[in-house]
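Here's the letter readout for the chains.
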Amino acid sequence: MFKPACTYTAGSYGTEGQWSSDSHGMPYNFAKLILLIFCLFFLVESRKHRKRRWTGQVELPQISHIYKKNHDMTKTRTGKSEQLLRVDDHDFTMRPAFGGPAIPVGVDVQVESLDSISEVDMDFTMTLYLRHYWKDERLSFPSHTNKSMTFDGRLVKKIWVPDVFFVHSKRSFIHDTTTDNIMLRVFPDGHVLYSMRITVTAMCNMDFSRFPLDSQTCTLELESYAYTDEDLMLYWKNGNESLKTDEKISLSQFLIQKFHTTSRLAFYSSTGWYNRLYINFTLRRHIFFFLLQTYFPATLMVMLSWVSFWIDRRAVPARVSLGITTVLTMSTIITGVNASMPRVSYIKAVDIYLWVSFVFVFLSVIEYAAVNYLTTVQERKQRKLREKFPCTCGIPSTKTMMLDGIYSESDTNSLEGYPRGQMVAEEDNQDKMVVHLALNNESNSSRKKGLKGHVSLRIMQNTHAIDKYSRVIFPGTYIFFNLIYWSVFC
């Protein structure tokens, strides 16, 4: 690098020498100044070239102003001191327009699924998208082309958001797979959209007085936790249109009839009035499952208990075992139904049907007990009559037979040896008749046929009157009960 030499020539102290020195020094000083400026410019350019060579940067050609687009600040990455939203410049612990009128916060909900309804716990589980709309001028920013800026959940912790919670909720959580399901969208004028995907389990007060022919209305309630109606005005953004549901939502035991929204004020004595939003939905239970599992088996057990009315009253094991089996089966059905229901203190519609059916089955057992007891009493009376009035017709007492029970053909054949005579009655009785049969050996076949017909008639007459009436009264009463039951509860 060239460096000019600096020399000094001493002039004379006279007037002529001084003029000579000034005339020669001014051009010389001006040349030195030009040379110094040139050296500095060369030094700066050499350093720029060296820096570009070691960093590997390539200078791009400048684009003509004809093709140059307008600069959008939302697409420019700025440093912390130049953040577009100026988050650090404001105190976001306070609500927008703090000290002024209540800030309106609009809400809309999209129901993704209705996961389960539990009668035992009296609650429901729902997955939904919850969206809030409000305006915060502190988040406004300049923009020429973009309409909004979208962020994830990391910015939510740095700004003010509404503190909405679910009233009467048991469990709730924000989905976090693969990251927190939170979206924040900020518009240039300060309007904010805040969306979350939430699953909530909330209480539902159910009335089972008409179960399983019932309809249930459940409600999901939203409310601000800290801000009263003087600070935050919570409202449905588009009225009933603020609630949207997926058309594929379905439940195994219920038919979803309708969804609708309402709103009202809730009062707390210690804090004041709050805006509360309601998501109401009505469910109607499918009856076919309970018809197959409860009503049909109970009806069949009742009809099975009626079979004992056609079984002979002497067949004690058959009638007793049939009655006990139907009673135990009805007890099992009642226990199974109540196991899947909450322990409510009132009577349900299914309880009425099952317990009435149980009473019919139990009465069929009681009916046979009454028949068996009356039969025993009648037999006891007959024995006393035979002992009091013995037979004097010349026929041995061992050959006397009372036609009041079941007997075989050999019993009738044993009467063939008797001489032909008149049938003498021992005692006229309204319930029983004891006869003596005298048969000879003539026309044995014809007399056997006549005796068999007489025996069949006697067996029909031997059926107890209680069984005859029960064959009509029990089915007729049960059918009448079913007509009243289904007309009232359906």
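Note that the structure is predicted; figures quoted are calculated from it, not measured.

**A look at helix α2 (residues 288-305)**
Move 1: A rise of 1.5 Å per residue sets the reference length of α2, with its 18 residues, at 26 Å; its end C-alpha atoms lie 25 Å apart and thus fit the reference within 8%.
Move 2: Among the residues of α2, Phe290, Leu291, Thr294, Tyr295, Ala298, Thr299, Met301, Val302 and Ser305 are the ones counted as buried.

**Notes on the pairing of strand β7 (residues 191-203)**
Move 1: With respect to burial, β7 is a largely interior element, ten of its 13 residues being buried.
Move 2: If you look at the hairpin formed by strand β6 (residues 182-186) and β7, you'll find four residues sitting between the two strands, and Gly190 has a positive phi there, around 100 degrees.

**Notes on the UniProt feature "transmembrane region" (unreviewed entry) in the protein chain**
Move 1: The sites that carry the UniProt feature "transmembrane region" (unreviewed entry) are, in the present numbering, residues 287-308, 320-340 and 352-374.
Move 2: Here residues 287-308 runs as 82% helix and 0% strand, with 31 Å between its end C-alpha atoms.
Move 3: Taken end to end, residues 352-374 has its terminal C-alpha atoms 32 Å apart, with 100% of it in helix and 0% in strand.

**Things to note about the state of the cysteines**
Move 1: Enumeration according to the criterion identifies one disulfide in this entry.
Move 2: The partner cysteine of Cys204 in its disulfide is Cys218, sulfur to sulfur 2.0 Å. Judged by the torsion about the S-S bond (-80 degrees), the Cys204/Cys218 disulfide is left-handed. Highlighted residues: Cys204 in the loop between β7 and β8 (215-224) and Cys218 in strand β8, separated in sequence by 14 residues.

**What about the sheet that holds strand β11 (residues 254-268)?**
Move 1: The strand order across the open sheet built from four strands is β4-β8-β12-β11, with neighbouring strands paired in antiparallel fashion. Strand pairing shows two members of the sheet lacking a second neighbour, β4 (164-167) and β11, which therefore form its edges. On average, each strand axis in the sheet is tilted by 25 degrees relative to the strand beside it, whichever way the strands run.
Move 2: Relative to strand β12 (residues 272-285), β11 runs antiparallel, the two being bridged by 14 bridges. In the strand pairing of β12, Phe254 is matched with Arg285.

About the thresholds
- Residues numbered from 1 in each chain as written.
- Predicted model: local features only at pLDDT ≥ 70, side-chain atom pairs only at ≥ 80, totals over all residues.
- Heavy atoms only, no water.
- Helix = DSSP H or I, 4+ residues; strand = E, 2+ residues; numbered from the N terminus.
- Expected span 1.5 Å × (residues − 1).
- Buried < 20%, exposed > 50% of the residue type's maximum accessible area, 1.4 Å probe, protein only.
- Pairing = 2+ DSSP bridges.
- UniProt positions renumbered as here; feature names shortened; annotations may be inferred.
- Disulfide = S-S within 2.5 Å.
- Axes fitted to C-alpha atoms, helices over the stretch in contact; angles between N-to-C directions.

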